[in-house]
Amino acid sequence: MKKKAISMLLAAAMVFSLAACGAKSDSDTKETKKETTADAKDESSDKEITVVATGSFYPISYTDDDGNLTGFEVEALKEVCKRADIAINWELSDDYTTMFGGVDSGLYDTIVGQVSVTDERKETYQFTDVYAENSIRMCVRADDPAESIDGLREERYVLSLEQYFRTSLTNIIQNTQQMNRLNV
């Protein structure tokens, strides 16, 4: 029941489509930091959720110049919880493995940080409808000889946003190699 309520809250949050503004933070912590705030109308509310957020993913969830957690998903969830009279206890982490582990253990109720929906995750977690698309792109210097993903096979590259992209890139490279062997 609690999962369904949280899913409904998150879905409603996206309907409000609140925009957040502020400057990108230089925060790059890998450990979880606790920031407890009462973001509900009534601080004495007996309803509360614990949310873990990245705190460094501009413009989705980041810490502004004054040290305040803000961003599109943060502000949307704050507004929904304010209207539902639910207090939010915020936790910060830049490690999605830790975040999902916290949800699995019951430490956190949900994650704020543009979580990617995968078939594997659908087996364990409930998601809102997709409200934003993030097309994955790669780039190289203009003078780099790589003209395709296959050209990156022997190169060094940087990956972010956790295992999802690592798995996606590995699958793309493997599929490209298989297609090349088949002359497709």
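Residues numbered from 1 in each chain as written. Predicted model: local features only at pLDDT ≥ 70, side-chain atom pairs only at ≥ 80, totals over all residues. Heavy atoms only, no water.

## Here we look at the overall build of the protein chain
For the protein chain, the count of helices and strands is five helices and seven strands. Evaluated residue by residue, the protein chain yields a buried proportion of 35% over its 184 residues. Counting contacts in the protein chain only where the partners sit at least 6 residues apart, residues at least 24 apart contribute 71% of the total. (Helix = DSSP H or I, 4+ residues; strand = E, 2+ residues; numbered from the N terminus. Buried < 20%, exposed > 50% of the residue type's maximum accessible area, 1.4 Å probe, protein only. Contact = heavy atoms within 4.5 Å.)

## Some points on helix α3 (residues 96-105)
By the burial criterion, the buried members of α3 are Tyr96, Met99, Phe100 and Gly102. Buried residues of α3, seen end-on, are gathered within an arc of 155° and therefore sit on one face of the element. Across from the buried face of α3, at angles greater than 90 degrees, the exposed residues are Thr97, Asp104 and Ser105. Among the residues of α3, the N-terminal cap falls to aspartate 95, whose side-chain oxygen and the backbone nitrogen of threonine 97 are separated by 3.2 Å. A positive backbone phi angle near 90° is found at glycine 106, which sits one or two residues after α3. (Arc of directions from axis to C-beta. Polar contact = N/O pair within 3.5 Å; in protein donor to acceptor, adjacent residues only side chain to side chain.)

## Quick word on the environment of serine 93
Looking at where serine 93 falls in the secondary structure, it is placed in the loop between β6 (87-92) and α3. Separated by 37 residues in the primary sequence, serine 93 and serine 56 have C-alpha atoms spaced 8.8 Å apart. Within polar-contact distance, the side chain of serine 93 engages the backbone nitrogen of aspartate 95 at 3.2 Å.

## What about the packing of aromatic side chains?
The final tally for this structure, using the stated rule, is three aromatic pairs. Considering the side-chain rings of tyrosine 58 and tyrosine 62, the 4.8 Å spacing of their centres and the 65° angle between planes classify their relative orientation as edge-to-face. Tyrosine 58 gets classed as partly exposed once you look at its relative accessible area, which sits at 40%. With centroids separated by 5.8 Å and ring planes inclined at 35°, the aromatic side chains of phenylalanine 72 and tyrosine 131 adopt a geometry described as tilted. Taken together, the residues span a long stretch of sequence, with phenylalanine 72 in helix α2 (residues 72-83) and tyrosine 131 in the loop between α4 (119-122) and α5 (162-181) at a distance of 59 residues. Judged by relative accessible area, which is 33%, tyrosine 131 ranks as partly exposed. (Phe/Tyr/Trp six-rings, centres within 6.5 Å; stacked < 30°, edge-to-face > 60°.)

## Quick word on the sheet that holds strand β3 (residues 56-57)
Overall, antiparallel pairing links the three strands, which are arranged β3-β4-β5 in an open sheet. Edge positions in the open sheet fall to β3 and β5 (69-70), since each of these has one partner strand only. Pairing analysis gives two bridges linking strand β4 (residues 61-63) to β5, with the strands arranged antiparallel. Residue pairing in the sheet places tyrosine 62 in a bridge with threonine 70 of β5. (Pairing = 2+ DSSP bridges.)

## Notes on α2
Helix length check: α2, at 12 residues, gives a terminal C-alpha distance of 17 Å against a target of 16 Å (1.5 Å per residue), a fit within 8%. Residues of α2 that are buried: Glu73, Val74, Ala76, Leu77, Lys78, Glu79, Val80 and Cys81. Following α2 by one or two positions, aspartate 85 has its phi on the positive side, about 60°. (Expected span 1.5 Å × (residues − 1).)

## Considering the pattern of salt bridges
Taken as a whole and assessed by the stated rule, the structure comprises two salt bridges. Salt-bridge contacts for glutamate 79 lead to arginine 83; the nearest nitrogen and oxygen are separated by 2.6 Å. Linking glutamate 79 with arginine 83, this pair stays in helix α2, spanning four residues, or about one helical turn. (Salt bridge = Lys/Arg side-chain N within 4 Å of Asp/Glu carboxyl O.)

## Let's talk about the confidence of the model for the protein chain
Chain-level statistics for the protein chain give a pLDDT mean of 73 and a share of 60% at 70 or above. Within the model, pLDDT remains below 50 along residues 8-42, and this stretch shows 80 contacts once partners closer than five positions in the same chain are excluded. (pLDDT = per-residue confidence, 0-100.)

## Topic: the nonpolar core
One finds Ile49, Val51, Ala53, Leu69, Val74, Leu77, Cys81, Ile86, Ile88, Trp90, Leu92 and Val112 forming the largest nonpolar core, which totals 12 residues. Among the secondary structure elements, those contributing two or more residues to this core are β2 (48-53), α2 and β6. Formed by nine residues, the second largest nonpolar core is a distinct cluster that contains Val52, Tyr96, Met99 and Phe100. (Core = buried A, V, L, I, M, F, W, Y, C linked by side-chain atoms within 4.5 Å.)

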